[in-house]
Each structure stands twice: as structure tokens, then as C-alpha cells.
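Chain by chain, the residues run as shown.
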Amino acid sequence: MTTISTDAQAREQILARIREATSDVTEKDPERDVPVDFTYGTGIEMDDVVGTFVEKVIDYKAAVVRVERAGLAAAVAEGLRATGATGSVVVPPGLDQAWVDAAAGLGLEVRVDEPALSNDQLNQTDAVVTAAASAIADTGTIVLTHGPDQGRRAISLVPDRHVCVVLASQVVSDVPESIAAVKPAVVQGSPVTMISGGSATSDIELSRVDGVHGPRKLHVIVVDDA
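Residue positions are counted from 1 within each chain, in the order its sequence is given. Residue-level local features of this predicted model are given only where pLDDT is at least 70; pairs of side-chain atoms are given and counted only at 80 or more, and the full residue set underlies all totals for whole chains, interfaces and linings. Calculation of side-chain values draws on the structure's entire complement of heavy atoms; hydrogens and water are dropped beforehand.

Student: What exactly am I supposed to notice about the overall build of the chain here?
Tutor: The number of helices and strands found in the chain is seven helices and twelve strands. What the globule rule says is 2.2 Å times the number of residues to the power 0.38, and the radius of gyration is computed from C-alpha atoms. Relative to the compact-globule value of 17 Å for 226 residues, the chain shows a C-alpha radius of gyration of 24 Å, a clear excess of over 25%. Projected onto its principal axes, the C-alpha coordinates of the chain cover approximately 85 × 45 × 30 Å. Here the chain holds 226 residues, and the buried ones make up 38% of them. Sequence-distant contacts in the chain: of pairs separated by 6 or more residues, those separated by 24 or more amount to 72%. Charge counting treats Lys and Arg as positive and Asp and Glu as negative, with His and both chain ends excluded. Think of each charge as sitting on NZ of Lys, CZ of Arg, CG of Asp or CD of Glu. Considering the chain, the positive charge centre built from 18 side chains and the negative charge centre built from 33 side chains are found 5 Å apart. Note on conventions: DSSP H or I runs of at least 4 residues are helices, E runs of at least 2 residues are strands, and numbering of each starts at the N terminus. Under the scheme applied here, a residue whose accessible area is under 20% of the maximum for its type counts as buried, over 50% as exposed, and between as partly exposed, the area being computed with a 1.4 Å probe on protein chains only. In this description, contact between two residues means that some pair of their heavy atoms is separated by no more than 4.5 Å.

Next up, the structure:
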């Protein structure tokens, strides 16, 4: 004959087993029992932080190129061309003028987001060009704090194509290190947007849909500025 334990009996059995398993633990404070040698924001060891970031971005099916500063403006133009932008591009008001001129040189209508463009205007804009605030090698993530060269959040979410310039010196190893880097902007009240590849999602049948939460295409330019 099988005896079925009540909920209370089952609970007591589980707690008794836990007490037995931890009977040799004399220090009840877990932080003292197993000290963790870790300081938040110091990063993790990597042989090649920038190279790892590039590999992770590629894993997300995004395009990525590495250039020297001298070739940056041309790389911005090539990035817009590669994404398929043919009509217009929105730029934040603080974007480097050389990048703006490169976009105009393609024959694109350059729309400076000042005053702020309407949602309808953004929806009818082919692409956006921004700088970045930080980048995370471990996850292949770009971090925006929406300063003058990154613009408000809407311009990096509505257009279908995003060309983003990341300085090699902005690339850090992991999320805590990046959060520490952008902390001053956050303290001042700036929003934070994290971008890991082009926007995509899938339903229960794993049918992929691009562009649901942001640009369908992400083109990253990594500038070797060391």
C-alpha cells in the first residue's frame, strides 16, 4: 500500500534533507562562507576585446567593418550604400559634419533631427547614422545614451537601416564594465538603448520576422582610434 504525503509532510521532508546536507556549514553568512573575488565594473579578461566584439556582431548577422580614422567618412557612405539606403537619412544634430557630408555625397536627402522629425517622417526615412557611447565585447552589444551625436531614441528605432560608428576605445569586455562607462550619462537622466544585431523576433513556429522592434539592418563601423 502506497502512502501519499500531505503538503506539510513533503515540506518537512525537503527541509530535513536541506538541513542534513548543510550540517557541516558552520558559517551561516554565505558571503563569508564562500567569498567571491570580484569587483563590479572591472571587466573580464580577453585576449582581444575589439576582435571579440566584431565576432559577436557578425554572429548577429549584422555587417561590420574596421577602418582607420582617415577612412571613416568614406566608410559611412559605403555603409549607407550597403544597407540599401537610396532616398533619405536622418542624423542627430551633433553628428560629425564629415559623416553628414558623406551621406549627402551619395545624393541622399539628409534630415537633421532638429527640430524633431515626426514619427511619420521617420517612418519614411531610409536610414539613420549615429555614433555610440559604449560597446560590449562579450555580448556584441552597442550602447547608446542618446547624446548629441546619437540623437533621441526614436531616430535609432524607426528607420529600417542603422549605420553606427563605434570607436575601438569605446569597446569594453562585459556588461558591468559598460554600465560603469555610461554611468555619468545615466545619472544625468539619459536613457540607455542596447543594440545586439538587427531587430528580429520569431513566433512559436520559429518563423523569423525582421524589423519588429527597430532597424532590420545594422551596419557597424569600428574605428581603430588607439
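Student: Where do I start with the side chain of S156 in this structure?
Tutor: Mapped onto the secondary structure, S156 falls in the loop between β6 (141-144) and β7 (161-167). We classify S156 as buried; its relative accessible area is 1%. Under this definition, polar contacts are N or O atom pairs within 3.5 Å; protein pairs additionally need one hydrogen-donor-capable and one acceptor-capable atom, and for neighbouring residues in sequence, both atoms have to be side-chain atoms. In terms of polar contacts, S156 uses its side chain to reach the backbone carbonyl oxygen of R153, at 2.9 Å. For S156, the residues in contact, after removing those within four places along its chain, are V128, L144, H146, H162 and P215.

Student: Explain the nonpolar core to me, please; I cannot follow it from the model alone.
Tutor: Considering soluble globular proteins, one finds that nonpolar side chains tend to be buried as a cluster. To qualify as a nonpolar core, a set must consist of buried Ala, Val, Leu, Ile, Met, Phe, Trp, Tyr and Cys residues joined through side-chain atoms within 4.5 Å. Residues L72, V76, L80, V89, W99, V129 and I221 are the most contacted members of the largest nonpolar core, which totals 20 residues. Of all the secondary-structure elements, those providing two or more residues to this core are α4 (72-83), β2 (88-91), α5 (97-104), β4 (127-130), β7 and β12 (217-224). Of all hydrophobic cores here, the second largest spans 19 residues; its members include V54, V64, I142 and A168.

Student: What exactly am I supposed to notice about a negative patch on the surface here?
Tutor: Candidate patch residues must exceed 30% relative accessible area and have no salt bridge, after which like charges are joined if within 9 Å and Val, Leu, Ile, Met, Phe, Trp or Tyr side chains if within 5 Å. We get accessible surface area from the Shrake-Rupley algorithm with a probe of 1.4 Å; when it comes to residues, only the shown protein chains can shield them. Take a side-chain nitrogen of Lys or Arg and a carboxyl oxygen of Asp or Glu: if they are within 4 Å of each other, that pair is a salt bridge. The grouping of E45, D47, D48, E55 and D59 at the surface amounts to a negative patch. Its place among the elements puts E45 in the loop between α2 (30-33) and α3 (49-59).

Student: What is the right way to look at unusual backbone geometry in this model?
Tutor: Most peptide bonds take the trans configuration, and most residues that are not glycine carry a negative phi. A cis amide bond, omega 0°, links E114 with the succeeding residue P115. Position of P115 among the secondary structure elements: in the loop between β3 (109-112) and α6 (119-123). With phi around 65°, H146 is a residue other than glycine that occupies positive phi space. Inspection of the secondary structure assignment puts H146 in the loop between β6 and β7. Overall, the relative accessible area of 13% leaves H146 in the buried class.

Student: Any chance you could explain a nonpolar patch on the surface here in plain terms?
Tutor: A surface patch of nonpolar side chains, about 590 Å² in accessible area, is lined by V36, F38, Y40, V175, I179 and M194. As for its placement among the helices and strands, V36 is situated in the loop between α2 and α3. Its relative accessible area of 68% is what places V36 among the exposed residues.

Student: Before we go on, may I ask you to explain the pattern of salt bridges in this structure?
Tutor: Pairs may arise between side chains of opposite charge once their charged atoms sit close together. Considering all chains together, one arrives at seven salt bridges under this definition. The shortest N-O distance in the salt bridge between R111 and E109 comes to 3.2 Å. We classify E109 as partly exposed; its relative accessible area is 43%.

Student: Is there a simple way to think about the sheet that holds strand β1 (residues 63-68) in this case?
Tutor: Picture the strands of a sheet paired through backbone hydrogen bonds; they go either parallel or antiparallel. Strands are labelled as partners when DSSP assigns at least two bridges between them. Ordered by their spatial adjacency, six strands build an open sheet running β1-β12-β7-β4-β2-β3, and the pairing between neighbours is parallel. Because the sheet does not close on itself, it has two edges, and the strands there are β1 and β3. Along the sheet, successive strands turn relative to each other by an average axial angle of 20°, direction set aside. Looking at chain direction, β7 and β12 are connected through seven bridges and run parallel. When the sheet's bridge partners are listed, C164 is paired in β12 with V220. To get an axis, a line is fitted to the C-alpha atoms, and for a helix only the part in contact is used. The angle between two axes follows their N-to-C directions and goes from 0 to 180 degrees. On the sheet, α4 packs against β1, β2, β4, β7 and β12 and is oriented at approximately 165° with respect to β12. Strand contacts of α5: β2, β3, β4 and β7, with the helix running at about 145° to β3, the strand carrying the most contacts.

Coordinates in, geometry out; function isn't part of it.
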